[in-house]
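For reference, the chains in residue letters:
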Amino acid sequence: QVQLEETGGGLAQAGDSLTLACVSSHTTFSNYVMAWFRQAPGKEREFVTAISWSGDRQFTADSVKGRFTISRDNAKNTVSLEMNDLKPEDTAVYYCAASVKGTVSTSSMDYWGRGTLVTVSS
């Protein structure tokens, strides 16, 4: 089974930057569309951003557009989420996910990481 592990979560202050990383041990990582989702306390899990297997296509939710950037390094089986100008409302558990077919949604991802908590204080 594909194993995804998120790292980089922690405490941050409003306006700070933080970068999350997701590492996959599966050899076919480069064939997957990768995405980041997040779930705030008491809220439903929501889409944040996604990147195609080659990195040529990206899509980002309006809530973080212009502040968050997704990137991937297929040689290292990693995908990163650079978060800039963090806001308290960005506080959530952030999940890395992979889609084999390329369909990206909360219910369509094939593999999920366990999540990493990002807490942003004002």
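Higher on the page you've got the structure.
Fair warning: this is a prediction, and the values are worked out from it, not measured in the lab.

Looking only at helices and strands, the protein chain has 0 helices and 11 strands in total. The order of helices and strands in the protein chain, counted from the N terminus, is β-β-β-β-β-β-β-β-β-β-β. On C-alpha atoms alone, the protein chain measures out to a radius of gyration of 13 Å, which is about the 14 Å that the 2.2 N^0.38 rule sets for 122 residues. Here the C-alpha coordinates of the protein chain stretch approximately 40 × 25 × 25 Å along the principal axes. When burial is assessed residue by residue, the protein chain has 40% of its 122 residues classed as buried. Roughly 6500 Å² of accessible area belongs to the protein chain as shown, and the carbon and sulfur atoms make up 46% of that amount. Put simply, the protein chain has 11 plus and 13 minus side-chain charges, and the middle of one group is 4 Å from the middle of the other.

On to the sheet that holds strand β8 (residues 78-83), then. Reading across the sheet, the 4 strands line up as β1-β3-β8-β7 and stay open at both edges, with antiparallel pairing between neighbours. Bordering the open sheet on either side are β1 (4-7) and β7 (68-73), each of which pairs with just one other strand. The mean angle between the axes of side-by-side strands here comes to 15°, regardless of whether they run parallel or antiparallel. In terms of strand pairing, β7 meets β8 through 6 bridges, oriented antiparallel. Within the sheet, the bridge partner assigned to Ser-71 lies in β8 and is Ser-80.

Structurally, the position occupied by Asn-74 is in the loop between β7 and β8. Separated by 10 residues in the primary sequence, Asn-74 and Val-64 have C-alpha atoms spaced 24 Å apart.

The next point concerns the pattern of salt bridges. Here the structure, examined in full by the defined rule, presents 4 salt bridges. The shortest N-O distance in the salt bridge between Asp-90 and Arg-38 comes to 2.9 Å. Pair noted here: Asp-90 is in the loop between β8 and β9 (92-99) and Arg-38 is in strand β4 (residues 33-39), with a separation of 52 residues, a long-range link. For Arg-38, a relative accessible area of 5% gives the class buried. We note a salt bridge from Asp-90 to Arg-67, for which the minimum N-O separation is 2.7 Å.

This next bit is on the environment of Gln-13. Mapped onto the secondary structure, Gln-13 falls in strand β2 (residues 10-13). Along the backbone, Gln-13 and Leu-81 are 68 residues apart, and their C-alpha atoms lie at a distance of 17 Å. Those residues within four positions of Gln-13 in sequence are excluded, and the remaining contacts are Leu-86, Val-120 and Ser-121.

Parameters at a glance
- Residues numbered from 1 in each chain as written.
- Predicted model: local features only at pLDDT ≥ 70, side-chain atom pairs only at ≥ 80, totals over all residues.
- Heavy atoms only, no water.
- Helix = DSSP H or I, 4+ residues; strand = E, 2+ residues; numbered from the N terminus.
- Rg over C-alpha atoms; globule rule 2.2 N^0.38 Å.
- Buried < 20%, exposed > 50% of the residue type's maximum accessible area, 1.4 Å probe, protein only.
- Areas by Shrake-Rupley, 256 points an atom, 1.4 Å probe, with all protein chains shown as cover.
- Lys, Arg positive; Asp, Glu negative; His and termini not counted.
- Charge placed at Lys NZ, Arg CZ, Asp CG, Glu CD.
- Pairing = 2+ DSSP bridges.
- Axes fitted to C-alpha atoms, helices over the stretch in contact; angles between N-to-C directions.
- Salt bridge = Lys/Arg side-chain N within 4 Å of Asp/Glu carboxyl O.
- Contact = heavy atoms within 4.5 Å.

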